[in-house]
Amino acid sequence: MDALLRKSDRLLANTQTEIIRDKMEDIHWNAQLISIMGAKGVGKSTLIRQYLKQHYELGDRRVIYCSADTVDFSTRTLVGLAEEFVMRGGELLVIDEIHKYHSGTSDWSREIKEIYELFPDLKMIVSGSSLLQLREGDADLSRRAIKYTMPGLSFREALRFYHGLSFPRWTLEDILAHPYDLWQTVSEKCKAASKQAQSQTSLGSAEREQARTMFKPVALFKEYLEKGYYPFLLEGEGEYYTKIEQVVNYIIETELPRICKVDVANVRKLQALIALICSEVPFELNANKIAAALEIGRDTVVEYLKYLGDAKVLNLLYSDKKKIGKLTKPDKVYLENPNILYALVPTKVDIGTLRETFAIGCLSESHNVEYGKAQGDFKIDGKYTFEIGGRSKDFSQIAGIKDSYVFADDWDMPDGAKLPLWMLGFLY
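Below, the structure is looked at part by part. No experiment lies behind these values; they were computed from the predicted model shown. (Residues numbered from 1 in each chain as written. Predicted model: local features only at pLDDT ≥ 70, side-chain atom pairs only at ≥ 80, totals over all residues. Heavy atoms only, no water.)

Re the pattern of salt bridges
- This structure, assessed with the given rule, holds 21 salt bridges.
- A salt bridge links Arg88 to Glu84; the nearest nitrogen and oxygen atoms lie 3.9 Å apart.
- Residues Glu387 and Lys393 are paired through a salt bridge, measuring 3.1 Å at the closest nitrogen-oxygen approach.
- Overall, Glu387 belongs to the buried group, its relative accessible area being 2%. (Salt bridge = Lys/Arg side-chain N within 4 Å of Asp/Glu carboxyl O. Buried < 20%, exposed > 50% of the residue type's maximum accessible area, 1.4 Å probe, protein only.)

This is the structure:
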């Protein structure tokens, strides 16, 4: 226990608190049991350690932060750790990477439930990179844990993380009702940042011109589409796409076989499936054709797609979510965010695909998004119809449809119901 406490101190001491995500304010930290889920690399561990560092002094033995993927848990049980911690006066037990505890089983879920019942005064935070295993264990914790899902950085958050430009979140309803207010707020702050950058006496003429053009919403948005969704960009740009590839490969090669019991012999076929999707996304799915090409069953294709959707590698779009069954195939398939698209197909990113990938990623965090089929690209919450495109996109495909809007890339300011696409990046 003493070794674990010292390790906890070191990890918290090395945690920076200069930039903290707004998700910090969304979490009810005083609950008895919290689970924080999300894709690998979005910053869950950092957020938790930041909270601990803000609320506890280093060396405070009322709290301990542990990671279940370390050798410390090769001979230790969660229940045993909790019991010893409580006997020492512990109040908050944090287990990160909980899905890796006793790999391949859901023992963690049963033990957390037992701790919850044995020590009602002990608060717990559990977190894991894989949505697959956390959901696998949900049966025991569904009525006990307050669950949060953490996405990667939104465009709004990226502006603060990488450029120091802070803005509040906007609801979809406010964006649609008051787009000029949002446009004016963002434009004015960008202009001020541009002037400040240009005023630096150390800059040459070329650097001043770059500063002038860089701090424009459209330019910043293009930058975000390529790099910025994952906070590990702060560690340097050089290995950014390599790290994204590593995340995807880890899910396919390790998570799916170990957790979802995917046949190891099919790993290469899964990689071929991803490659096929990357080459054609937004991918209008023909499950039978894919099954024949990969020499696996049609139902297996649908099952694998859903696993990849749960793991936040893909976004699956259906025309009617109310009728989704276990073997219902999605109508369209997208990669989960634009940065994955650039990481996996850097030389041939389709601009239409890029725009729709961004839009569905933003909207699906807090809204029901369905495939629009013949009427627009997306149907939102059964009410709004959105068409996604570039500067030349008009209303011909959604003419006469109530509550319909065009969100356009390379579009500087609102024009009636035609709005800049970057505005959707302010939803969270």
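With respect to the side chain of His163
- With respect to the helices, strands and loops of the structure, His163 is situated in helix α8 (residues 155-163).
- Side chain to side chain, His163 and Glu223 meet in a polar contact 2.5 Å long.
- Apart from residues lying up to four places away in sequence, His163 is in contact with Ala158, Met214, Phe215, Leu220 and Glu223. (Helix = DSSP H or I, 4+ residues; strand = E, 2+ residues; numbered from the N terminus. Polar contact = N/O pair within 3.5 Å; in protein donor to acceptor, adjacent residues only side chain to side chain. Contact = heavy atoms within 4.5 Å.)

Re helix α1 (residues 2-13)
- Relative to the 16 Å expected for 12 residues at 1.5 Å per residue, α1 spans 17 Å between its end C-alpha atoms, a close match to the ideal helical length.
- Buried-residue contacts for α1 involve α3 (44-55), β2 (63-67) and α4 (78-87). (Expected span 1.5 Å × (residues − 1).)

Thoughts on helix α5 (residues 107-118)
- Along its 12 residues, α5 runs 16 Å from first to last C-alpha, staying within 8% of the 16 Å computed at 1.5 Å per residue.
- Taken together, the buried positions of α5 are Trp108, Ser109, Glu111, Ile112 and Ile115. Down the axis of α5, the buried set is contained in an arc of 170 degrees. They therefore lie on one face. (Arc of directions from axis to C-beta.)

Description of the nonpolar core
- Membership of the largest hydrophobic core comes to 108 residues, with the highest contact counts inside it found for Leu52, Leu314, Phe378, Phe386 and Leu424.
- Here the element with the most residues in this core is helix α13 (residues 240-259); it accounts for eight residues.
- Beyond its immediate chain neighbours, meaning those up to four positions away, Leu424 contacts Leu172, Phe358, Ala359, Cys362, Leu363 and Phe407.
- Counting 26 residues, the second-largest nonpolar core is a separate cluster that includes Leu33, Leu81, Ala82 and Ile115. (Core = buried A, V, L, I, M, F, W, Y, C linked by side-chain atoms within 4.5 Å.)

A few points about the state of the cysteines
- Under the counting rule described, the total for this entry stands at zero disulfides.
- Residue Cys362 stays outside any disulfide, its sulfur separated by 17 Å from that of Cys190, the closest cysteine. (Disulfide = S-S within 2.5 Å.)

Thoughts on the packing of helix α15 (residues 287-294) against helix α16 (residues 298-310)
- One can describe the packing of α15 onto α16 by two numbers: an axis separation of 8 Å at closest approach and a directional angle of 100 degrees. The orientation of α15 with respect to α16, classified from their angle, is roughly perpendicular. Contacts between α15 and α16 pair Ala287, Asn288, Ile290 and Ala291 from the former with Arg298, Val301 and Val302 from the latter.
- Residues of the contact of α15 with α16, tallied by class, amount to five nonpolar, one polar and one charged. (Axes fitted to C-alpha atoms, helices over the stretch in contact; angles between N-to-C directions. Parallel < 35°, antiparallel > 145°, perpendicular 65-115°, else oblique. Nonpolar A, V, L, I, M, F, W, Y, C, P; charged D, E, K, R; others polar.)

Topic: the packing of aromatic side chains
- If you walk through the whole model with that rule in mind, you get 21 aromatic pairs.
- Aromatic pair Phe155 and Phe221: ring centres 5.5 Å apart, planes at 70 degrees, arrangement edge-to-face. Within this pair, whereas Phe155 is found in helix α8, its partner Phe221 is found in helix α12 (residues 217-226), the two being separated by 66 residues in sequence.
- Classification of Phe221 as buried rests on a relative accessible area of 1%.
- Relative to Phe358, the ring of Tyr224 has its centre 6.2 Å away and its plane inclined at 80 degrees; by these criteria the two rings are edge-to-face. Remark: Phe358 occurs in helix α18 (residues 351-363) and Tyr224 occurs in helix α12; sequence separation between them is 134 residues. With respect to class, Tyr224 is no different from Phe358; both count as buried.
- Taken together, Phe155, Phe167, Phe221, Tyr224, Phe358, Trp422 and Phe426 form an aromatic cluster joined through their ring pairs. (Phe/Tyr/Trp six-rings, centres within 6.5 Å; stacked < 30°, edge-to-face > 60°.)

Topic: the pairing of strand β3 (residues 92-96)
- Counting buried residues in β3 gives five out of five residues, a clear majority hidden from the surface.
- Here β3 shows a buried face lined by Leu92, Val94 and Asp96 and a second buried face lined by Leu93 and Ile95.
- Two strands pair when backbone bridges link them, and β2 and β3 are joined in this way by five bridges, in the parallel orientation. Across the sheet, the residue bridging to Ser67 is Asp96, located in β3. (Pairing = 2+ DSSP bridges.)

Here we look at the environment of Thr46
- Mapped onto the secondary structure, Thr46 falls in helix α3.
- Relative accessible area serves as the criterion here: at 31%, Thr46 is assigned to the partly exposed category.
- Along the backbone, Thr46 and Gln16 are 30 residues apart, and their C-alpha atoms lie at a distance of 8.4 Å.

Here's the deal with the sheet that holds strand β9 (residues 369-371)
- Strand order in this open sheet of five strands is β9-β10-β11-β12-β13, and the pairing throughout is mixed. The open sheet is flanked by β9 and β13 (418-420), the only strands paired with a single partner. Ignoring which end each strand starts from, the neighbouring axes of this sheet average 35 degrees apart.
- Sheet topology note: the β9/strand β10 (residues 378-380) ladder contains three bridges and is antiparallel.

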